[in-house]
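Here is what each chain is made of, one letter per residue.
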Amino acid sequence: INAKGGVLGQKFTTVTAEVLDARERVIHEHGRLRGHLFALQAIARDVALDGSREDELRDGVRRLCVEMIRHLETEEQLLVRLLGTDRPERLERVQAEHALQRRLLGRTLERSVASTAPVELALVTNEVVLTLLRDMREEERELVADDEGPLGGPVSGSVRVGAPVTAAAKEPEDAFGRRAG
């Protein structure tokens, strides 16, 4: 946002209080979720190292899934109000990204209640945590950059940067199975 209340790169565009409030709410919520993600990552590390805290990891995955679903619903409600009629293509991209996150969370939750080996669950959990952290960072960058209107540029493909490399493809892939490039 420039000194005149507009968006950098867009002359005299006014950023409304509603847009600023939505940004602040999303960023605040991301900060809260990061705390959960970092705590869950530490538990997963302990499980991977020595098998301790397995029950805590399974419970933590369940709590994370509930928290993330709530967050996605809240975020979409904000975005529907802000983008619904003015930026339907942007809203569709966000909703598609959230659908991928919901599927990832569902698969992870299934593993936490199944008899998945503790070390495997720890590794999957760590990958999910890293993916969600990358998504939040990218989403925040776009919210602040604001290069395409009220809430920034495209979200599609946000988790591709710095994603793990799969042995089979030797090409970066995220926890959703999307390839970089």
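Just above sits the structure.
Rules and cut-offs
- Residues numbered from 1 in each chain as written.
- Predicted model: local features only at pLDDT ≥ 70, side-chain atom pairs only at ≥ 80, totals over all residues.
- Heavy atoms only, no water.
- Helix = DSSP H or I, 4+ residues; strand = E, 2+ residues; numbered from the N terminus.
- Buried < 20%, exposed > 50% of the residue type's maximum accessible area, 1.4 Å probe, protein only.
- Contact = heavy atoms within 4.5 Å.
- Areas by Shrake-Rupley, 256 points an atom, 1.4 Å probe, with all protein chains shown as cover.
- Core = buried A, V, L, I, M, F, W, Y, C linked by side-chain atoms within 4.5 Å.
- Salt bridge = Lys/Arg side-chain N within 4 Å of Asp/Glu carboxyl O.
- Axes fitted to C-alpha atoms, helices over the stretch in contact; angles between N-to-C directions.
- Parallel < 35°, antiparallel > 145°, perpendicular 65-115°, else oblique.
- Nonpolar A, V, L, I, M, F, W, Y, C, P; charged D, E, K, R; others polar.
- Expected span 1.5 Å × (residues − 1).

Q: I'm lost on the overall build of the protein chain in this one. Help?
A: Regarding its fold elements, the protein chain presents 4 helices and 0 strands. Written out in order from the N terminus, the α and β elements of the protein chain read α-α-α-α. Per-residue burial for the protein chain yields a buried fraction of 43% across its 181 residues. Contacts spanning at least 24 positions in sequence make up 64% of the contacts within the protein chain whose residues lie at least 6 apart. Element-wise, carbon and sulfur atoms account for 55% of the exposed surface of the protein chain, whose accessible area totals about 9,500 Å².

Q: So what exactly am I meant to see when it comes to the nonpolar core here?
A: When a protein is soluble and globular, its nonpolar side chains tend to lie buried together. By size, the foremost hydrophobic cluster in this structure holds 21 residues, and its most contacted members are Leu37, Leu40, Leu57, Leu64, Met68 and Leu132. Counting only elements with at least two residues in this core, the list comes to helix H1 (17-50), helix H2 (54-83), helix H3 (88-113) and helix H4 (118-145). Examining the composition of this core, we find that 8 residues originate from one element, H4, more than from any other. In this structure, leucine 57 is in contact with Leu40, Ile43, Ala44, Val47, Pro118, Leu121, Ala122 and Thr125, ignoring residues within four places of it in sequence. By size, the runner-up hydrophobic cluster in this structure holds 10 residues, among which are Leu79, Leu82, Leu83 and Val94.

Q: Looking at this structure, how should I read the environment of glutamate 73?
A: Examined against the element boundaries, glutamate 73 turns out to sit in helix H2. Residue glutamate 73 is classed as partly exposed on the basis of its relative accessible area of 42%. In sequence terms glutamate 73 and histidine 98 are 25 residues apart; their C-alpha atoms lie 9.0 Å from each other.

Q: Any chance you could explain the pattern of salt bridges here in plain terms?
A: Side-chain pairing between opposite charges can occur once the charged atoms of the two side chains come close. Counted according to the given criterion, the structure contains 11 salt bridges. Among the ionic pairs, arginine 34 bridges to glutamate 140, the shortest N-O distance being 3.0 Å. Placement of the pair is arginine 34 in helix H1 and glutamate 140 in helix H4, with a sequence separation of 106 residues. Assessed through its relative accessible area of 16%, glutamate 140 is described here as buried. Between glutamate 67 and arginine 70 there is a salt bridge; the shortest N-O distance is 3.2 Å.

Q: Honestly, the environment of valine 144 in this entry has me stumped. Any pointers?
A: With respect to the helices and strands, the residue valine 144 is situated in helix H4. Spatially, the C-alpha atom of valine 144 lies 9.8 Å from that of leucine 20, the residues being 124 residues apart in sequence.

Q: Where do I start with the packing of H2 against H3 in this structure?
A: How two helices sit against one another is set out by the angle between their axes and by the gap between those axes. It is the contact of H2 with H3, at a shortest axis distance of 10 Å, that shows an interaxial angle of 170°. It follows from the interaxial angle that H2 and H3 lie roughly antiparallel. Here the residues of the contact of H2 with H3 sort into 14 nonpolar, 5 polar and 8 charged.

Q: What should I look at first to understand unusual backbone geometry in this one?
A: Among all residues except glycine, the phi angle is most often negative; among peptide bonds, the trans geometry is most common. Positive phi, close to 70°, is recorded for arginine 53, a residue that is not glycine. Along the chain, the position of arginine 53 falls in the loop between H1 and H2.

Q: Help me out: how do you make sense of H3 in this one?
A: The periodicity of an α-helix, 3.6 residues per turn, causes residues three or four positions apart to be oriented the same way. Across its 26 residues, H3 extends 37 Å between first and last C-alpha, which sits within 8% of the 38 Å expected from 1.5 Å per residue. Those residues of H3 not exposed but buried are Arg90, Leu91, Val94, Glu97, His98, Leu100, Gln101, Leu104, Leu105, Thr108 and Ser112.

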